[in-house]
Amino acid sequence: MVKLSVGEINEKLELLGEDQAKHDAVAKIQEKLDSVSGIKRTFVGSLLESPFTKTRTIVQYYLEDFDYTADRCATCHFAIDRQGYERTAKESFDIEGDGENKPFYQLNHPLVKVGSETVLIDEEAAEAGTYSFADNGQITFNDPDIFSEVEISYETGYRPVLRTHPYQDVLLGKHPVKRFGCTLCHGGQGQALTPKSAHALKHEEEFWLTPVLGMDEHTDTVTDELRGYMQSNCRRCHAEVMMLDYRSPGTGEVRDYSPDLSKGMALFEDLGCHGCHAVEGYPVLKKLDKVGPSLAKIGSKVNSVDWLAGWIKNPSSYLPKTKMPRLFPTQGMTKMVYLTHNRNREGTVRSEGGKIFVRADDGTEYPYAEGEVEKIVDIVNSIAAFLEGVKDSTLDQANATFSTDPEVIASGEEVVKTVGCLACHTVGELGNDFAPNLDGVGNKVTPAFLRQWISAPKSYDPKTVMPDLRLSEKELDGVVAYLMSLKDSKPSLKITTTSYGSIPEEINPELGKEFVQLYGCSGCHTIPGFENESKVGVDLGEFGAKAVEELDFGDTTNIEHSWHGWIIGKVTNPRRYQTRRIVSRMPVFNAIGEEEAQALAVLLKSFQPEKYPLGYIHQLNEKTRRIDTGRRLVKKYNCQGCHEIEEKGGKFVDVVAAHEGLDTLKAKQFSPPTLQEEGAKVYPDWLFEFLKQPTPIRYGLKVRMPTFGMSDDDATALVEYFSALSDEPFPYETIALQPLAQAELQTGKEIFQALQCTSCHPEQGEVIPAGSDKTGRPDLALAKPRLKADWIVDWLKDPQSFQRGTAMPQNWPKIGGEYQPVGDYADGNAEKQIELVRDYLISLGE
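The rules behind each value
Residues numbered from 1 in each chain as written. Predicted model: local features only at pLDDT ≥ 70, side-chain atom pairs only at ≥ 80, totals over all residues. Heavy atoms only, no water. Helix = DSSP H or I, 4+ residues; strand = E, 2+ residues; numbered from the N terminus. Contact = heavy atoms within 4.5 Å. Areas by Shrake-Rupley, 256 points an atom, 1.4 Å probe, with all protein chains shown as cover. Lys, Arg positive; Asp, Glu negative; His and termini not counted. Charge placed at Lys NZ, Arg CZ, Asp CG, Glu CD. Pairing = 2+ DSSP bridges. Axes fitted to C-alpha atoms, helices over the stretch in contact; angles between N-to-C directions. Buried < 20%, exposed > 50% of the residue type's maximum accessible area, 1.4 Å probe, protein only. pLDDT = per-residue confidence, 0-100. Disulfide = S-S within 2.5 Å.

The helix and strand tally for the chain stands at 29 helices and 23 strands. Dimensions of the chain, computed from C-alpha atoms along their principal axes, come out at roughly 105 × 90 × 90 Å. A separation of at least 24 residues holds for 64% of the contacts in the chain among residues at least 6 apart in sequence. Taken as a whole, the chain presents about 44,600 Å² of accessible surface, with 51% of it coming from carbon and sulfur. Where the 93 positive side-chain charges of the chain centre and where its 127 negative ones centre are 5 Å apart.

This is the structure we're talking about:
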C-alpha cells in the first residue's frame, strides 16, 4: 500500500473538490435543460423548405447572464450567420455573345425578385428590351453580338426566415449569436418553437410581454412603418452615444446602424422633451443645457407685452419653423375659468344668454351659469404680464438709438450676409435655421438689447452659444440699424381681450407666475425664481414596456389600439386623448410630423425597466468617447453651419454663392474651409489656441471665425475629437526635424519659386485687394506653428485626396506608381523635392 504525505493528500482533496464543482455546474445546466418547456435537443423534422432540405435539430443558446434564458430563434433562422443569403446583391461580369445565340449568365443567387434589378451595360443604364430576367437568377441578353461589361444590383427572393443577417460583419461580428442570442436585440419569446409564440404578436389571443420588434401583429411581417423598432434595443447597451456608427472591417464603409434611433434621440434632445420628462437610464440628459433662451431679462429684451402675448399664444405665426411649441392650440384666447367648489376649467370662453360657455381643446362646450363662475383669468396675457416684469435695469437705461439712414442700413445688411451670421440665422431665403429667423426681428426686440447681444453675447447670457463676431463700432451700428429695419409684414401679434358682462377678465402677473409653473416653462428656459422647479411631465424611464391596456385612449376611436398607434397619436396631437375629467397640457410641436413621430416612438420603445447585465453594456473606449463628446460640441456650437466635418455641413458656401453671384466651386474660395482630417493637419496646441482666440489665416475674406468664448474643457474636447477622427495621438508629440544645410533650404526655395506658389498664396501681412486670386488662400508663413510636417508632405503629394475640388494643383503627379519630379532639382528625386519644399515652408515662420 502506497503511503501519501499530508501535502499529497491535501492536493488530491483539492482536485476532488474541483471535480465536484464541475459536476455541480453540469448538473445545474442539465436541470435548466430539463426545465425549459420540457424540450431537449431532439429532432423535430424538416422545419423549412428548399433550399434547406436537411432534417434540422433544435438550435439552442443559453444566456447565462440572463438566468440561463434559452434562445432558440436560430432553429428556424438558421442562415442568419451564414453568408450567401443576403436580401440584396450586386454582381459584375463580362458577357460575350457568339453572334448566333442569346448569351446568358447565371447569378450567384438562384432565387431572385424579378423587377427589382438595376442593370448597367458598359456603365450605361440598360434600355428596355435589352435583357430578360428570370426568378431562377438567370439573366439573358437579347443581342447575340453583345460584348460588354455588365453590373447588376437586385433583390434576392429568399423569405425573411432564410436570409443572412444584414451587415453581418459588424452586427454579428460585434454581437456573436452564441453570446447574445437574438431576443436581446429583436425581442420575442426565445424559448418558443412556433412562429406564433416565438414572435409573440397576437395580444388578443395570448398575452405576451415582449413581441418581436418591428413586426405587424396582424400580418406577422416587418413593415416599413414599424421597421425602426428593431433599433430600439440598441440604446439599452449603447446609451451614451449620439449615434451607433461604425466602420465596416470588410468594406471600410462608415454608417449609422440605428438611424431611426439616432433621429429620435436628436429630436428628444433638440426639442427639449427632457425639460418636462425625466428618463431613468438616459445619462446624457443630465448634461444637456436648457433648449430655450434665457428669460432672465426678457422684459428688457422684447419691445412690448403685446409681442410677448402673441408669441406665447402661437409662436409659429411669427416663426413658422420655430422649435417653440404651442401650449395653447385652441382657437381664440385661452382662459382659466374658476368655478365654485374649487373647480376650474380651461379653454376658450364666450358669454351668451346669461351663461358662460367654455370650449375645451377637443371641441366640447361646457355651459355654466354666471353664478357658478367666480372669475375668468386670461392665461396668456397674465403670463406675458409676468414675464414683461422680468427686467434688467442696466439694459433699460442703455442707449436705445439706432440709425435709419439707408446707407447705414445697407452696410449692416452686407455685414449680416457676409460675416457669418447666416451660418446660424436666416434672412429671407438665405441662411440656416439653427438659430431664430431674423425676419421681423425689428418688431420683437429693443435696439438696446440688440446692441448688447451682438457686441457681447455672454454679458447678456453667460451660457449662450451665440459667438462674438468681433464687429467694429461702425459694423455694429450698421447691423443694429439693419436688424431694426426688418419689420414683420404680417398682421400685428397684438391680442385683444374682451370682458363678459359682470364677470371681468383678469390679467394678473402673479397668476401669470403660477401659470409659468403649471405649464413647466422653466423646463426649457432659465427664469428667475424657478431654479429648483421639478419636471411637470411623467417619468418616461419605463414607458417602452407599457402594455396597450395601460394606455388611455380617452374617447378617441380613430386610432389603432396598439402601443404604436397610441404613441403616434399622442406625439402628433398631444391633446387627442384628453376628456372632460382628464386635461392634457403637453404642447404641440410644429416640428413633429409622421416621420418624426416614428423616430420618437423608436426612442420611447427603448425606455425599458429591465436592465441588461453590466457585461453587456458597451463601455466606450477612449477614441469613441472623444468622438462622441466632440460631436455634441460640434452640434452645440453649430460648427457644421460653416465647416464640412465628417462629410456633413459646410452649407455657408451656398450663402456666399447666392449673395456674391458665384458658382459653388468659386464660392468655396471665399467660404470657411473644410475640416476633414483636421486632426491630421494641425498641431493640437495651435488648434486649442485658435478655438480660444481666433486669428486670421486667410486674408481678404468677409466671413470670419467668431470668438465663442468656450471653456478650456470644451476647446480641449474639440481638439481631442479631431485627433480621434484622424487616428492621431493625443497629446501629440512633435518630432523635431533635423536642421537643414543652407544649400538644401535654397533648393527648396528654388522649387517653391519655380512652382510660383506666391502667385496664389499671400505673404505674411499682405493686403489683399478686392477680386484678387489670393483671397482666401492661407498664409504660408503660418505653416510652422500650425501644420504638421508629415501632413504637409501628404498634402503636396495629393491635395484632392484631402479636399475634393480644391484649386491646389498636384505639382508632383503620380504616374505608374511613382511621383514625377519638378525639373532636375535634388537629382530629379520627387520624394526629396517634396520634403525640401516642406522644409522651406516651415522655415518661413522662423
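The structure having been displayed, the exposition proceeds.
Looking now at the sheet that holds strand E14 (residues 355-359). Across the sheet, which stays open at both edges, the six strands sit in the order E15-E14-E13-E12-E16-E19 with mixed pairing between neighbours. At either margin of the open sheet sits one strand with a lone partner, and together these are strand E15 (365-369) and strand E19 (505-506). Contacts between helix H10 (residues 379-388) and the sheet are confined to strand E12 (335-339), strand E13 (343-352), strand E16 (373-378) and E19, with E16 contributing the most and set at about 55 degrees to the helix. In the packing of helix H17 (residues 509-518) onto the sheet, the strands contacted are E12, E16 and E19, and the crossing angle to E12 comes to about 105 degrees.

Before going further, it helps to examine the pairing of strand E9 (residues 147-155). Alternating positions in E9 separate cleanly, Ser148, Val150, Ile152 and Tyr154 being buried on one face and Phe147, Glu149, Glu151, Ser153 and Glu155 remaining unburied on the opposite face. Note that strand E3 (residues 88-96) and E9 share nine bridges and pair antiparallel. Each residue of the ladder has a partner; that of Ile95, found in E9, is Ser148.

Okay, the sheet that holds strand E7 (residues 131-133) next. Across the sheet, which stays open at both edges, the three strands sit in the order E4-E8-E7 with antiparallel pairing between neighbours. A strand with exactly one partner marks an edge of an open sheet, and here the two such strands are strand E4 (104-106) and E7. The average undirected angle you get between the axes of adjacent strands in this sheet is 15 degrees. Two strands pair when backbone bridges link them, and E4 and strand E8 (residues 138-141) are joined in this way by three bridges, in the antiparallel orientation. Within E8, the residue paired with Gln106 across the bridge is Gln138.

Per-residue confidence for the chain averages 88 on the pLDDT scale, and 90% of its residues sit at or above 70. Predicted confidence in the chain is weakest over helix H1 (residues 6-35), with a mean pLDDT of 59, and strongest over helix H12 (residues 406-418), with 97. Here residues 32-54 is a poorly scored stretch, pLDDT under 50, and it has 45 contacts once near neighbours within four places are set aside; other chains count.

What follows concerns the state of the cysteines. If you walk through the whole model with that rule in mind, you get zero disulfides. Of the cysteine sulfurs around Cys276, a residue in no disulfide, the closest is that of Cys524, at 6.0 Å. The structure places no disulfide on Cys757, whose sulfur is separated from the nearest cysteine sulfur, that of Cys760, by 8.4 Å. Assessed through its relative accessible area of 17%, Cys757 is described here as buried.

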